[in-house]
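# Summary of the model geometry
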Amino acid sequence: MSETHSGNWLLCDVTYMQWDPPLVGQGDIRIRDGVIVEVGEGLKPASDETVEELRGHWVMPGLVCGHTHLYSALSCGMPMPTSAPISFGDMLDKVWWRLDRALDREAVQISASVGAVSALRVGVTTLIDHHASPNAIDESLLVIDDGLEQVGLRRILCYEVTDRGGDSRRNAGLRAHEQLLSRPVGKNSGGKRAVLIGAHANFTLSDETLRRCADLARDAGVGLHIHVAEAIDDTILTKENPVLRLERLGALRPGSILAHCVHSSADDLQRIVDAGAWIAHQPRSNMNNSVGYAPVHQFPKNTILGTDGIGADVLTEIQTGWFQGQENKIGWGPQRWLQMLQQGTHFASLQLGQNLGQMAVGGAADLVVLDPPPGPPLTADNLAAAVIFRLSPHQIRHVMIDGVWRLRDQTVTGLSMSSLDEHAQEVSQAVWSRMDALS
Ligand SMILES: [Zn+2]
């Protein structure tokens, strides 16, 4: 392949796919200025474009990770609590709230870069992040934004506002959004950046703080991004239904992401749909935190898949979701899971002013090139089964975002891996030492 640059490309001889409605086709894809301008067989190269002979490789739309926490990127190896957590609240106290308090500005920056690289390598081209660093709040979203820009990812960012650190940290969290909103967003950012207003969860937010989040979201014309009914604690500690509480405080806004909804009723889910908000489902995290099995069989169409900080591997997440659903006899066919992938690109498109997830003229050139697994022919009828049973992130060879190759032959193009690795190793040790001191 030729050197990395944005420009005009003709990707020749590929098998391309789109999630929902399922589509599989063979042929060539012409790209100009980050947009697909022609799809068909036997396209003739123009004099001003670079031809990429892909010889039967598969091409899928860039994936969207609908809910993650980049700040957990340095967590593998962190000091574990001396006694095992006995509840979800205990898990937050002993593990995740020790980690986020140990982050300084440098750790936020390195976490963003490390997380972005691992996302790119698993075919994620847009990250929807929910950030917390209570001892390094100021400009934290700008730092993350810069880190993701370097790797080339599209991103929808927020800071996890909470009352657990008192008024000054609460106010700093709100201000972090204003700092990021001073940069161009949506279409004006070239579809690279969008902002949601982040809030931790009902049980760490007072009425006043939730109202402030809702006011900021209304003024910015965006939704909230909040954990809802992840564990039963959300209801027990607030003594109020979490969805009804958001509604009462004006915080159930269109374009919001409500992550988890493990303990939400059919009525709650309908209220979320009626408000124009979205649900993010994270099956691996729910299992890892032992919070219960979400009412997936009742989840509406506007449900997207996230990873909740367990990397960004959406393919593995969908596979896990499938098997867990089978075990729980939810009665979903494979295509229903592919709808979640498509909804992820749809949600991100609305925020970023782009046409993501469309393998057609006018679609954004966010494309993932995979080594095709030997086996039966790929068709629209077996695409969903192929995603669940045949696809693996290990097959990902190249990733293009907005017409620029960001991963070439499994190598990240935007930054030096060896210096990032060296820096990440040093910073991880420092974070873990601070965690030790916090225990
Ligand atoms: Zn989360």
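Rules of the game
- Residues numbered from 1 in each chain as written.
- Predicted model: local features only at pLDDT ≥ 70, side-chain atom pairs only at ≥ 80, totals over all residues.
- Heavy atoms only, no water.
- Pairing = 2+ DSSP bridges.
- Helix = DSSP H or I, 4+ residues; strand = E, 2+ residues; numbered from the N terminus.
- Axes fitted to C-alpha atoms, helices over the stretch in contact; angles between N-to-C directions.
- Buried < 20%, exposed > 50% of the residue type's maximum accessible area, 1.4 Å probe, protein only.
- Domains from an automatic or database assignment.
- Contact = heavy atoms within 4.5 Å.
- Salt bridge = Lys/Arg side-chain N within 4 Å of Asp/Glu carboxyl O.

So, on to the sheet that holds strand S7 (residues 124–129). The 4 strands are arranged S6-S7-S8-S9 in an open sheet whose pairing can be described as parallel. Looking at the sheet topology across the chains shown, the edges are occupied by strand S6 (63–68) and strand S9 (193–195). Pairs of neighbouring strands in the sheet enclose a mean axial angle of 15 degrees, with direction left out of account. In this sheet, S9 lies alongside strand S8 (residues 154–157) in parallel orientation, the contact comprising 3 bridges. Residue pairing across strands places Ile156 opposite Ala194, the latter belonging to S9.

Moving on to unusual backbone geometry. In this chain, Asp20 is followed by Pro21 through a cis amide linkage whose omega measures 0 degrees. Tracing the sequence through the fold places Pro21 in the loop between strand S1 (9–18) and strand S2 (23–32). Even without being a glycine, Asp13 presents a positive backbone phi close to 60 degrees. Relative to the helices and strands, Asp13 is located in strand S1. The phi dihedral of Asp308 is positive, around 55 degrees, even though this residue is not glycine. According to the relative accessible area criterion, Asp308 is buried, its value standing at 12%.

In this section: the pairing of S2. Here S2 lies mainly inside the structure; 7 of its 10 residues are buried. Two elements, S1 and S2, share 8 bridges in a ladder whose sense is antiparallel. When the sheet's bridge partners are listed, Leu10 is paired in S2 with Arg30. Summarising the sheet, S2 and strand S3 (residues 35–40) pair through 5 bridges and their orientation is antiparallel. Looking at the pairing, Ile29 lines up with Val39 of S3.

Looking now at the domain arrangement of the protein. The domains assigned to the protein are domain 1 (9–60 + 353–412) and domain 2 (63–351). Centre-to-centre, using C-alpha coordinates, domain 1 lies 29 Å away from domain 2. Counting residues at the interface gives 32 residues for domain 1 and 35 residues for domain 2. On the surface where domain 1 and domain 2 come into contact, there are 2 salt bridges.

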